[in-house]
Amino acid sequence: MKKRNFGAFVLLLIAVVLGEAAQSQDVYRVDGGPLRWVLEGQPSPSNLAQYVEFRLIREGAEPVDLNFSLSALVDDLHNEFPRELLALRTPYDSEEQRWDLIPTEKCLLAAADEFADLQLGVYYTETVAAGTYTGSLRSDAGGEIPLEIVVKPFTAVVIDSAQIKLEALGGPGIYRISEPIQVCVRANHSNWVARFSSPGLLPVDDLTGVSRPLASWEQSSERTAVPVPLLFIDLSSDQEAESGSEVLQVTGAEYGWQAIIEFTIQARVGWEHPAGEYVGVIRVDLEEVDE
């Protein structure tokens, strides 16, 4: 008899627990979405928030305020998306609400309302590691509302001067440009490769008869002069003064997300190059590689 009563009690307890779980899942539902964002390009303080609209609808529960907190937003490498970059607009506050560094609850559906139209936005104003971040809005009254933020990789290069000028008046020999060139690389990942090269230098006098832009001169059939070849010398390396390479390659594996690279350029002027002033351009090729 005691065993039968105990079994009945266990079954009753399971039924109550399952009933409460089913009831909690029916407290609300979400129309709209999905709550997903794709952030591309470079972050900037001037970027506006990207908003997604959705409606929270009460589902047969007693009228109470439905408050939600924001979970951590984490990618596969355990990087965390800054929660303060998320913003919320509700009918209960005339101003945009921002999520704090410390988890707090916000009312998304007041007890007096059957539904509420909401907007959840993401600001892309600071550098965040490329990746897919997942998390949720959570409430003690029901299940979770899933969130996903995809941050696309970006790589940007700023070069202080892409144009090269050189005076070769002393006949054939090795000439070095007077000032080193500085390049800044900015990225949100380390899987980048930057290559610096040049089609060579063109005499200024020869340019006067060329209608094409200097940057496309190497592909022009109008050129008549033999270009002066250039060698790049990385000032952070132990290269010899007279050495160099036609292509200077730097990688994120060496520098990480941020890099300041300084190099100088040597020109090999031969007998086929008349004395005078020469100009040219630095070509930058960027590539994103797999890890």
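For the structure given in this document, a descriptive report is provided here.

Moving on, we come to the overall build of the chain. What the chain contains, in helices and strands, is three helices and 21 strands. By the burial criterion, 39% of the 291 residues in the chain qualify as buried. Considering only contacts within the chain whose residues lie at least 6 apart along the sequence, 74% involve residues at least 24 apart. Carbon and sulfur atoms make up 51% of the accessible area of the chain, which totals about 16500 Å².

This part takes up the sheet that holds strand β20 (residues 276-281). One open sheet holds the three strands; their spatial order is β12-β20-β16, and the pairing between them is antiparallel. Two strands in the sheet have a free side with no partner beyond their single neighbour: β12 (163-168) and β16 (202-203).

So, about the side chain of Thr155. Position of Thr155 relative to the elements: it lies in strand β11 (residues 155-159). The buried category is assigned to Thr155, whose relative accessible area is 18%. A polar atom in the side chain of Thr155 sits 3.0 Å from the side chain of His189. Sequence-distant contacts of Thr155, that is, excluding residues within four places in its chain, are made with Val185, Arg186, Ala187, His189, Trp192, Leu286 and Glu288.

Let us now look at the nonpolar core. Phe81, Leu86, Leu137, Leu147 and Ile149 are the most contacted members of the largest nonpolar core, which has 36 residues in total. Put simply, the parts of the chain that give this core at least two residues each are β2 (36-39), β3 (50-58), β4 (66-70), β5 (86-89), β7 (105-109), β8 (115-122), β9 (131-138) and β10 (145-151). Leu137 has contacts with Phe54, Phe68, Ser69, Leu70, Trp99, Leu108, Leu120, Gly143, Glu144, Ile145 and Leu147, leaving out every residue within four places of it along the chain. Counting 26 residues, the second-largest nonpolar core is a separate cluster that includes Phe232, Ile261, Ala267 and Tyr278.

This brings us to the environment of Glu126. Take Glu126: it is sitting in the loop between β8 and β9. Taking the relative accessible area as the measure of exposure, Glu126 reaches 34% and is therefore partly exposed. Beyond its immediate stretch of four places on either side in the chain, Glu126 contacts Pro43, Pro82 and Leu85.

Tracing the backbone through its elements, the reader meets Gln266 in strand β19 (residues 258-269). Taking the relative accessible area as the measure of exposure, Gln266 reaches 2% and is therefore buried. For Gln266, the side chain forms a polar contact with the side chain of Arg176, separated by 2.9 Å.

What follows concerns the layout of surface pockets. Where empty space is left becomes clear once a probe the size of a water molecule has been rolled over the atoms. Put simply, the second largest pocket is a space of about 170 Å³. In terms of lining, the second largest pocket is formed by Ser161, Gln163, Ile164, Lys165, Leu166, Arg176, Ile177, Ser178, Glu179 and Ile181. Element by element, the count of residues in the lining of the second largest pocket is highest for β12, at four residues. The residue inventory of the lining of the second largest pocket, partitioned by class, reads four nonpolar, three polar and three charged.

Cut-offs applied
Residues numbered from 1 in each chain as written. Predicted model: local features only at pLDDT ≥ 70, side-chain atom pairs only at ≥ 80, totals over all residues. Heavy atoms only, no water. Helix = DSSP H or I, 4+ residues; strand = E, 2+ residues; numbered from the N terminus. Buried < 20%, exposed > 50% of the residue type's maximum accessible area, 1.4 Å probe, protein only. Contact = heavy atoms within 4.5 Å. Areas by Shrake-Rupley, 256 points an atom, 1.4 Å probe, with all protein chains shown as cover. Pairing = 2+ DSSP bridges. Polar contact = N/O pair within 3.5 Å; in protein donor to acceptor, adjacent residues only side chain to side chain. Core = buried A, V, L, I, M, F, W, Y, C linked by side-chain atoms within 4.5 Å. 1 Å grid on protein atoms, 1.4 Å probe; cavity = no way out; pocket = protein on both sides within 12 Å on 5 of 7 lines; lining within 4 Å. Points joined across faces, edges and corners; volume = space filled by probe spheres on them. Nonpolar A, V, L, I, M, F, W, Y, C, P; charged D, E, K, R; others polar.

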